[in-house]
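Residue-level listing of the chains:
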Amino acid sequence: MDGLQDENHFIDLEQPVVNCPSGKKHVTILESDPGKASTKIHLPTPSYSDDSEAHGGKLNFIATLDGRRVSVKQEHELSISGWKDHEVKYMVTDESGKTTMCYFYYRVLDKEPPVITGCPTNLTKTTDRDRIRVGWIEPTFTDNSGQDPHVSLNRHPYHQYYIGVHKVIYMSTDRSGNEAVCQFYIIVRQICKDTNFPMFSCDDVRAAANLTAKCNSPAAVGLPIPWKHFCRKTCNDCS
């Protein structure tokens with residue numbers, strides 16, 4: 001029985017009914033808008049009723065979003081969810097003071113990786129020694145969340161780099177775990193030249209029947225330095 005009717009007035013015995021998305025804790029998953037830390041939504045149109053309406057009773061409806069009273073007719077902006085989902089509460093109260101509430105939730109996910117600006121291209125350096133100091137302008141990293149992403153790197157600018165190829169990696173990670181990578185190579189080459197000291201003539205090396213053997217043989221008796229140390233260009237002892 002919905003209520004009692006005596007000679008003078010209607011006695012309301014029932015709670016109002018309000019329809020919300022099904023489930024004990026219904027969570028709608030959304031993604032943030034491109035390049036932004038939020039997305040915009042319209043709340044579902046509320047549906048509610050009470051037995052008192054048949055007797056002229058009126059209902060009071062209130063909607064709140066994260067504890068703030070809002071209108072279901074307006075658009076609302078939801079930020080990227082951290083440790084807590086966005087909570088929506090629909091509450092209906094009849095004239096007798098009986099209230100029914102229901103809750104549902106929104107979770108806004110960040111699927112965008114950080115943005116890299118100014119990732120260097122490969123760097124090639126030459127030196128007449130076994131190493132050289134190499135520097136570069138470091139890239140910058142931004143994220144749609146508005147928070148600075150974490151950045152790690154395996155090699156640093158303005159350090160000494162030996163002859164060879166070195167891979168540089170910048171790894172950027174935002175608070176949602178999205179990653180972006182900037183990588184490039186440092187190529188350090190030895191200057192290809194012949195020293196040609198008077199007592200060590202590279203012409204003698206060029207004239208050798210077996211160039212490889214000559215390049216790797218001592219430049220002089222008792223001197224444990226191979227010809228290729230002096231005749232780099234002739235012996236192709238360069239990267």
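Look up: the structure comes first, before these words.
A quick note: this is a predicted structure, and the numbers were derived from the prediction, not measured.

## Notes on the overall build of the chain
Turning to step 1, where the next piece is worked out: Scanning the chain for helices and strands turns up three helices and 21 strands.
Turning to step 2, where the next piece is worked out: Its C-alpha radius of gyration of 38 Å places the chain more than 25% over the 18 Å reference for a compact globule of 239 residues.
Turning to step 3, where the next piece is worked out: Summarising its shape, the C-alpha atoms of the chain cover approximately 130 × 25 × 25 Å along the three principal directions.
Turning to step 4, where the next piece is worked out: The buried share of the chain, reckoned over its 239 residues, is 33%.
Turning to step 5, where the next piece is worked out: Taking all contacts inside the chain whose residues are at least 6 apart in sequence as the whole, residues at least 24 apart take part in 60%.
Turning to step 6, where the next piece is worked out: Looking at the chain as shown, the accessible area adds up to about 14,900 Å², and 50% of this sits on carbon and sulfur atoms.
Turning to step 7, where the next piece is worked out: Averaging the locations of the 27 positively and 30 negatively charged side chains of the chain gives two centres separated by 18 Å.

## A closer look at the state of the cysteines
Turning to step 1, where the next piece is worked out: Tallied over the entire structure, the rule returns four disulfides.
Turning to step 2, where the next piece is worked out: Bridging Cys20 to Cys102, the disulfide has an S-S length of 1.5 Å. With Cys20 in the loop between β3 (17–19) and β4 (27–31) and Cys102 in strand β11 (residues 99–109), this pair connects stretches of sequence that are 82 residues apart.
Turning to step 3, where the next piece is worked out: The exposure class of Cys20 is partly exposed, given its relative accessible area of 22%.
Turning to step 4, where the next piece is worked out: What makes Cys102 buried here is its relative accessible area of 10%.
Turning to step 5, where the next piece is worked out: A sulfur-sulfur distance of 2.0 Å marks the disulfide that ties Cys215 to Cys235. Measuring the twist about the S-S bond at about -90°, one finds the Cys215-Cys235 disulfide to be left-handed. Of this pair, Cys215 sits in helix α2 (residues 211–216) while Cys235 sits in helix α3 (residues 232–235); the two residues are 20 residues apart in sequence, bridging distant segments of the chain. With respect to class, Cys215 is no different from Cys235; both count as buried.

## Quick notes on the side chain of Asp174
Turning to step 1, where the next piece is worked out: Position of Asp174 among the secondary structure elements: in the loop between β18 (164–173) and β19 (179–190).
Turning to step 2, where the next piece is worked out: One buried charged residue, Asp174, remains without a salt bridge, the closest side chain of opposite sign being Arg175 at 8.6 Å.
Turning to step 3, where the next piece is worked out: Of the polar contacts made by the side chain of Asp174, one reaches the backbone nitrogen of Ser176; its length is 3.0 Å.
Turning to step 4, where the next piece is worked out: If sequence neighbours within four positions are ignored, Asp174 has contacts with Asp110, Glu112, Pro114, Asp143 and Pro149.

## Things to note about the nonpolar core
One broad trend across soluble globular proteins is that nonpolar side chains are buried collectively.
Turning to step 1, where the next piece is worked out: By size, the foremost hydrophobic cluster in this structure holds 17 residues, and its most contacted members are Leu43, Leu78, Val88, Tyr90 and Tyr106.
Turning to step 2, where the next piece is worked out: A per-element tally of this core places β11 first, with four residues.
Turning to step 3, where the next piece is worked out: For Tyr106, the contacting residues outside a window of four places in its chain are Thr28, Leu30, Ile41, His42, Leu43, Pro44, Leu78, Ser81, Asp85, His86 and Val88.
Turning to step 4, where the next piece is worked out: Tyr161, Cys182, Ile186 and Val188 belong to the second largest nonpolar core, which has 12 residues in total.

## Observations concerning the sheet that holds β18
Turning to step 1, where the next piece is worked out: The mixed open sheet is built from four strands, whose spatial order is β13-β19-β18-β16. Taken across any chain shown, the strands that pair with only one partner, and hence form the sheet edges, are β13 (123–127) and β16 (150–153). The sheet shows a mean angle of 20° between the axes of neighbouring strands, direction not considered.
Turning to step 2, where the next piece is worked out: Pairing of β18 with β19, which is carried by 10 bridges, proceeds in the antiparallel orientation.

What counts and what doesn't
- Each chain carries its own residue numbering, running from 1 in the written order of its sequence.
- Totals for whole chains, interfaces and linings use every residue, but because this is a predicted model, local features are given only for residues with pLDDT of at least 70 and side-chain atom pairs only at 80 or more, for both listing and counting.
- In computing side-chain values, all of the structure's heavy atoms are included and hydrogens and water are not.
- Each helix is a run of DSSP H or I of at least 4 residues and each strand a run of E of at least 2, with the numbering of both proceeding from the N terminus.
- As a reference, a globule follows 2.2 Å times the number of residues to the power 0.38, and the radius of gyration itself is taken over C-alpha atoms.
- When accessible area is computed with a 1.4 Å probe and restricted to protein chains, residues below 20% of their type maximum are described as buried, those above 50% as exposed, and intermediate ones as partly exposed.
- Contacts were defined at the residue level, with two residues in contact if any of their heavy atoms lie within 4.5 Å.
- We get accessible surface area from the Shrake-Rupley algorithm with a probe of 1.4 Å; when it comes to residues, only the shown protein chains can shield them.
- We treat Lys and Arg as the positive residues and Asp and Glu as the negative residues; His and chain ends play no part in the count.
- Charged groups are reduced to one reference atom each: NZ for lysine, CZ for arginine, CG for aspartic acid, CD for glutamic acid.
- Disulfides are defined in this document as cysteine sulfur pairs within 2.5 Å.
- One side-chain nitrogen of Lys or Arg within 4 Å of one carboxyl oxygen of Asp or Glu is enough to make a salt bridge.
- Side-chain atoms alone can form a polar contact between residues adjacent in sequence; in general such a contact is a pair of N or O atoms within 3.5 Å, and within protein one must be able to donate a hydrogen while the other accepts it.
- Remark: nonpolar core denotes a set of buried residues (Ala, Val, Leu, Ile, Met, Phe, Trp, Tyr, Cys) joined through side-chain atoms within 4.5 Å.
- If DSSP finds at least two bridges between two strands, the strands pair.
- For helices, the axis comes from a line fit to the C-alpha atoms of the stretch in contact; other axes are also lines fit to C-alpha atoms, and the angle between any two N-to-C directions lies between 0 and 180 degrees.

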